[in-house]
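Each chain, written out:
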Amino acid sequence: MKTSLHALLLTVLISLTGGCVAQSKYDQLNEAYRKVLEQNTQLQARVDELNQQIKLLESGPRDDKARVAQLTEERDQLLKQLDELRSQYAGLAKGGVVMLPPEVDQALRDFASQNPDLVEYDAARGMIKFRSDLTFKLGSADLSDAAKATLAKFGTLLNNPATKGYEIRIVGHTDSVPVSRPDTKAKHPNNWYLSVHRAIAVRDAIEASGVAPVRTEVAGYGMYRPVVQNTKSGAEPNRRVEIYLVGMTPVNEQYLPAAAAPAPAPAPAAGIPLK
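Residues numbered from 1 in each chain as written. Predicted model: local features only at pLDDT ≥ 70, side-chain atom pairs only at ≥ 80, totals over all residues. Heavy atoms only, no water.

Draft legend 1. Main features of the environment of Trp 192. Along the chain, the position of Trp 192 falls in helix 8 (residues 191–208). Spatially, the C-alpha atoms of Trp 192 and His 173 are 8.2 Å apart, while their sequence positions differ by 19 residues. (Helix = DSSP H or I, 4+ residues; strand = E, 2+ residues; numbered from the N terminus.)

Draft legend 2. Summary view of the nonpolar core. Counting 30 residues, the largest nonpolar core has Leu 108, Ile 128, Leu 143, Phe 154, Ile 170, Val 202 and Ile 206 as the members making the most contacts within it. The set of elements that each furnish at least two residues to this core consists of helix 4 (102–114), strand 1 (119–122), strand 2 (127–131), helix 6 (145–158), strand 3 (166–173), helix 8 and strand 5 (240–247). Excluding its chain neighbours within four sequence positions, the residues that come into contact with Leu 143 are Thr 135, Phe 136, Lys 148, Leu 151, Ala 201, Val 202 and Ala 205. Ranked by size, the runner-up nonpolar core spans seven residues in total, among them Leu 43, Leu 50, Ile 54 and Val 68. (Core = buried A, V, L, I, M, F, W, Y, C linked by side-chain atoms within 4.5 Å. Buried < 20%, exposed > 50% of the residue type's maximum accessible area, 1.4 Å probe, protein only. Contact = heavy atoms within 4.5 Å.)

Draft legend 3. Highlighting the pattern of salt bridges. Under the counting rule described, the total for this entry stands at twelve salt bridges. Close ionic contact of Glu 49 with Arg 46 constitutes a salt bridge, the shortest N to O distance being 3.0 Å. Of this pair, Glu 49 and Arg 46 both sit in helix 2 (residues 23–59), three residues apart, which is roughly one turn of that helix. The exposure class assigned to Glu 49 is partly exposed, which follows from its relative accessible area of 40%. Residue Arg 46 is classed as partly exposed on the basis of its relative accessible area, which comes to 27%. Measuring nitrogen to oxygen at the nearest pair gives 2.8 Å for the salt bridge that ties Asp 133 to Arg 239. Residue Asp 133 is found in helix 5 (residues 132–135), and its partner Arg 239 is found in the loop between strand 4 (216–220) and strand 5; the two are separated by 106 residues along the sequence. Sharing partners across several salt bridges, the network here consists of Arg 46, Glu 49 and Glu 74. (Salt bridge = Lys/Arg side-chain N within 4 Å of Asp/Glu carboxyl O.)

Draft legend 4. How the structure looks around helix 4. Between the first and last C-alpha of helix 4 there are 18 Å, a value that for 13 residues agrees with the 18 Å anticipated at 1.5 Å per step. All of the buried residues along helix 4 are Val 104, Asp 105, Leu 108, Phe 111 and Ala 112. For helix 4, the angular spread of buried residues about the axis comes to 125 degrees, placing them on one side. Exposed residues pointing more than 90 degrees away from the buried face of helix 4 are listed as Ser 113 and Gln 114. (Expected span 1.5 Å × (residues − 1). Arc of directions from axis to C-beta.)

What follows is the structure, encoded as structure tokens:
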């Protein structure tokens, strides 16, 4: 198993050196990642078992030095393998691919499949996309009723044990059509304001569903991060709000909810967007 895993990891890591990751390459990476996690768990369990056996032998009436030495050697070899796995795990995080824990990845897949009209999940980038044309009215930062209901569900997901240890980074985007109507311009002077105001509206909805404010961050890129080329009338894919799940940064304890010590994310921080 170890040889086949190493071969798979080498193949995937070489394929990542080209930059952008295709879905097929992501699937290979995801398989390798899950195998690393599985083998890491198995090895750690065996190390714990060996430590217990060594402790019992050393404290027993007969100190079986030969057996202790044998178990110690096996344990040290396993610890070396664990170090190698951790290095491989770090390598998997490179190449622009987000590696969320399997339970978080599955929860996001399920959420997207349950809300297909409004939500997409890009597993290769660790991203949830909310379509702005269904989330907001044209030129508005007011959430539609459908978006409010979906964001309430998303907030519940964000409070699950598997996801509660993440910060939520919310980023708004617009197309290139300038804000021009006087009533819109009075609230959102330009696309920068509109993108940020939409991110804030999403944040407010998530917080209303019980997500702690200390976990959220908002930003806006206006029209300057398009995903497709804009036309004179704009482009629907560029109008979006992205939500990323990232590892928790240090927080002053007075701002943390009671008994909410966030668990560290098992993978290096990357993201989950809502477009």
